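# Per-entry structural report
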Amino acid sequence: MSAPVIEVSGLVKRYGEIEAVRGIDLRVEAGEIFGFLGPNGAGKSTTISILCTLLRPTGGAARVAGVDVMQDPSLVRSRIGLVFQDPSLDGQLTGRENLEFHAYLYGISAQLRRERIDHALAMVELTDRAGSPVLTYSGGMRRRLEIARGILHYPQVLFLDEPTLGLDPQTRRHIWAYLHEVRKREHITIFMTTHYMDEAEFCDRIAIIDAGRIVALGTPQELKSMVGGDVVTVVTADAAGAADQVRRVFDVPTSVVEGEVRIEVKDSASFMPRLFTDLSLPISSVSSRSPSLDDVFLKLTGKAIREDGGGGGGNREMMRQMGRIWNRR
């Protein structure tokens, strides 16, 4: 078996008495799209900051692209790309000028610079807007340019923090088409966070982190099998009362999410008719479906990913700090 492109062992990060990361073990293979999911405050941003050499761990070890993050952080940075959650382009510069500046920082020779920039712009379909100021770009165009910048120096690993946050569904699909093309053509490993569960389905494997620990790791299908059976959703005027009755009468995993009762059962076809005969509360509607990654997230962390909001103010502030450090490299 080849060496992993990311290897984490017993990783710990403490801030005084607060233990943000509690002994994480992680292995990401070359060429994978690896998803990292968790509620706000779970340790996602702290872990990524350590892997990107922007924080030093309290304990444990981490290697990225074959390099120890503590022993040679500069070499790690030269081998990775990073697309921040918040915009980090210079709006006054053109798209090409943003890429030229990045290429200069990474020491790409003038001879190679134009070739790589032309290639990156073509890949994200921005060649015709390369001479326009970035402030005239749409949100989707800016994300595409940031991805082009992230791969310009041919990194072994591309870190993406909420790569399509706030974009419309069509633009999100286009961004993912570019990411798959990037992985295929440049043989890049992608390590990403997202709160869009449909995006998480694109990952080869996913790690769910909660309270500083990895609570589940596997392919999307393996994770969904942890829920098992079907998910039945009940809409009623008294969701809390209905959930209590369901637990008491049927003894099945039950929760209230966004005012609806969510129930895990092995066979929804035989279970759903019993709801109407055995519950005393009126039911407005009932539906069933196969388990989703949303259900896995809820089962393991006790909250829906939508409640998490895709990165709170603390995460955004950390990423802004990371951006300032990174751009001073």
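Data block above holds the structure.
These notes cover the structure that comes with them. As the structure is a prediction and not an experimental result, all values here were calculated from the model. (Residues numbered from 1 in each chain as written. Predicted model: local features only at pLDDT ≥ 70, side-chain atom pairs only at ≥ 80, totals over all residues. Heavy atoms only, no water.)

Now for the sheet that holds strand E1 (residues 6-15). The four strands lie next to each other as E2-E1-E4-E5, forming an open sheet whose pairing is antiparallel. The open sheet is flanked by strand E2 (18-28) and strand E5 (67-68), the only strands paired with a single partner. The strands that helix H1 (residues 44-51) touches are E1, E2 and strand E4 (59-64); relative to E1, the one it contacts most, it runs at about 120°. (Pairing = 2+ DSSP bridges. Helix = DSSP H or I, 4+ residues; strand = E, 2+ residues; numbered from the N terminus. Contact = heavy atoms within 4.5 Å. Axes fitted to C-alpha atoms, helices over the stretch in contact; angles between N-to-C directions.)

Pairs can form between side chains of opposite charge whenever their charged atoms are close. Tallied over the full model, the rule gives 15 salt bridges. Note that Arg 262 is salt-bridged to Asp 295, the shortest N-O span being 2.8 Å. With Arg 262 in strand E13 (residues 260-265) and Asp 295 in helix H11 (residues 293-301), the pair connects residues that are 33 residues apart, well separated along the chain. In this pair, the class of Arg 262 matches that of Asp 295, namely buried. Of the charged contacts in the structure, one is a salt bridge between Asp 295 and Arg 289, with a shortest N-O distance of 2.6 Å. (Salt bridge = Lys/Arg side-chain N within 4 Å of Asp/Glu carboxyl O. Buried < 20%, exposed > 50% of the residue type's maximum accessible area, 1.4 Å probe, protein only.)

In this section: H1. Of all eight residues that make up H1, eight are buried, and the element is covered over most of its length. Along H1, the residues classified as buried are Lys 44, Ser 45, Thr 46, Thr 47, Ile 48, Ser 49, Ile 50 and Leu 51. Positive backbone phi, approximately 70°, marks Thr 53, located one or two places after H1.

In spatial order, the strands read E6-E7-E8-E3-E9-E10; together these six strands make up an open sheet with mixed pairing. Single-partner strands in this sheet number two, and they are strand E6 (80-83) and strand E10 (213-218). For this sheet, the mean inter-axis angle between neighbouring strands, taken without regard to orientation, is 15°. Here strand E3 (residues 33-37) pairs with strand E8 (residues 189-193) via three bridges, running parallel. Looking at E8, one finds that Ile 33 is bridged to Ile 190.

Taken by themselves, the reported measurements are silent on function.
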